[in-house]
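# Survey of secondary and tertiary structure
Listed here are the chains, written in short residue letters.
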Amino acid sequence: NAGVTQTPKFQVLKTGQSMTLQCAQDMNHEYMSWYRQDPGMGLRLIHYSVGAGITDQGEVPNGYNVSRSTTEDFPLRLLSAAPSQTSVYFCASSYGGEGYEQYFGPGTRLTVT
Amino acid sequence: GQQVMQIPQYQHVQEGEDFTTYCNSSTTLSNIQWYKQRPGGHPVFLIQLVKSGEVKKQKRLTFQFGEAKKNSSLHITATQTTDVGTYFCAAFSYSGAGSYQLTFGKGTKLSVIP
């Protein structure tokens, strides 16, 4: 039981490039979400999904896309990277939604130059 | 939207001293969760409080939920170097139009001087 996995662990992009951050969980959780963590800002919700085929925006969705074709996977796409997207990105999953324990992945540290 | 204030932002303590972090919400909460993040790591769930006035203990950690369900605290007795990290509260509440939201505080970074 690997829990929540994320790839890559580190990534450097140039401004304007696009990429996909991968997230997978093997706990059969319906709820999955993406957060970004910046110094002094805590964790801010980017997008979330309550099940396969259903996604919605969080607090800071601009510049990011998500899709949920399976229960296990929830990739985050950066459409055209900007320096403001330099951050640590965490994927999380939960059995019952936001009101329940969130299981976080190890994170992806992204730098945009 | 919901505002969650967590104080202090930083705390340096001598090993063996106590530590407390406070979390205050602008709205009444359905529940509050606490997480710990070790340096370079990811947030790990510690506990969830649901009832008004609830107090829960985990070894040297004591968690409290206020009577009005708008504030919470985490108290660590006799800190150890293994307690080092950032402690986050996460407030879960109704955000209107039939939906709920989970809002994280900015965290309290604890340093323990051996």
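Residues numbered from 1 in each chain as written. Chains lettered and ligands numbered in written order. Predicted model: local features only at pLDDT ≥ 70, side-chain atom pairs only at ≥ 80, totals over all residues. Heavy atoms only, no water.

### As for the overall build of chain A
- Scanning chain A for helices and strands turns up zero helices and eleven strands.
- Going from the N terminus to the C terminus, chain A shows its helices and strands as β-β-β-β-β-β-β-β-β-β-β.
- Viewed in the frame of its principal axes, chain A has a C-alpha envelope of about 35 × 30 × 25 Å.
- Looking at the 113 residues of chain A, the share that counts as buried comes to 50%. (Helix = DSSP H or I, 4+ residues; strand = E, 2+ residues; numbered from the N terminus. Buried < 20%, exposed > 50% of the residue type's maximum accessible area, 1.4 Å probe, protein only.)

### Focus on the interface of chain A and chain B
- Between chain A and chain B, the residue contacts involve 15 residues of the former and 18 residues of the latter.
- When chain A packs against chain B, the two sides together hide about 1400 Å² of surface, and 57% of this comes from carbon and sulfur.
- It is A:Leu43, A:Glu98 and A:Phe104 in chain A that bury the most area against chain B; as a group they hold 35% of the surface buried on that side.
- The tally of links between chain A and chain B comes to six residue pairs in polar contact (both at pLDDT 80 or more).
- Counted by class, the side of chain A that touches chain B contains seven nonpolar, six polar and two charged residues. (Contact = heavy atoms within 4.5 Å. Buried area = accessible area lost by both parts, 1.4 Å probe. Polar contact = N/O pair within 3.5 Å; in protein donor to acceptor, adjacent residues only side chain to side chain. Nonpolar A, V, L, I, M, F, W, Y, C, P; charged D, E, K, R; others polar.)

### Some thoughts on the sheet that holds strand S1 (residues 4–7) of chain A
Residue and element names in this part refer to chain A.
- On the basis of which strands lie adjacent, the open sheet formed by four strands has the order S1-S3-S8-S7 and antiparallel pairing. The open sheet terminates on both sides in strands that have one partner only, identified here as S1 and strand S7 (64–66). Neighbouring strand axes in the sheet, compared pairwise and without regard to direction, differ in orientation by 20° on average.
- In terms of strand pairing, strand S3 (residues 19–25) meets strand S8 (residues 76–78) through three bridges, oriented antiparallel. When the bridges of S8 are listed, Thr20 appears paired with Arg77. (Pairing = 2+ DSSP bridges. Axes fitted to C-alpha atoms, helices over the stretch in contact; angles between N-to-C directions.)

### Topic: the pattern of salt bridges
- Counted under the stated rule, the structure contains four salt bridges over all chains.
- When the shortest N-O distance is used, the salt bridge between A:Asp38 and A:Arg44 registers 2.8 Å.
- Residue A:Arg44 is classed as buried on the basis of its relative accessible area of 18%.
- Of the charged contacts in the structure, one is a salt bridge between B:Asp83 and B:Arg60, with a shortest N-O distance of 2.9 Å. Of this pair, B:Asp83 sits in the loop between strand S8 (71–76) and strand S9 (85–96) while B:Arg60 sits in the loop between strand S6 (55–58) and strand S7 (61–65), and the two are 23 residues apart along the sequence. (Salt bridge = Lys/Arg side-chain N within 4 Å of Asp/Glu carboxyl O.)

### Remarks on the nonpolar core
- B:Ile32, B:Trp34 and B:Phe63 are the most contacted members of the largest nonpolar core, which totals 20 residues.
- Counting 19 residues, the second largest nonpolar core, distinct from the first, contains A:Leu21, A:Leu76, A:Ala81 and A:Val112. (Core = buried A, V, L, I, M, F, W, Y, C linked by side-chain atoms within 4.5 Å.)

### Some details on the pairing of S9(B)
Residues and elements named next belong to chain B.
- Taking burial as the measure, the twelve residues of S9 include nine buried ones, the bulk of the element.
- In the sheet, strand S4 (residues 31–37) pairs with S9 via seven bridges, with the strands oriented antiparallel. Paired with Ile32 across the bridge in S9 is Ala91.
- Relative to strand S11 (residues 108–113), S9 runs antiparallel, the two being bridged by three bridges. Considered in S11, the bridge of Gly85 is made with Leu110.
- Bridge count between S9 and strand S10 (residues 99–104): six bridges; the pairing is antiparallel. Within S10, the position partnered with Ala90 by the bridge is Phe104.
- Count of turn residues in the S9/S10 antiparallel hairpin: two residues, of which Ala97 carries a positive phi of about 55°.

Purely geometric stuff here, so don't read any function into it on its own.
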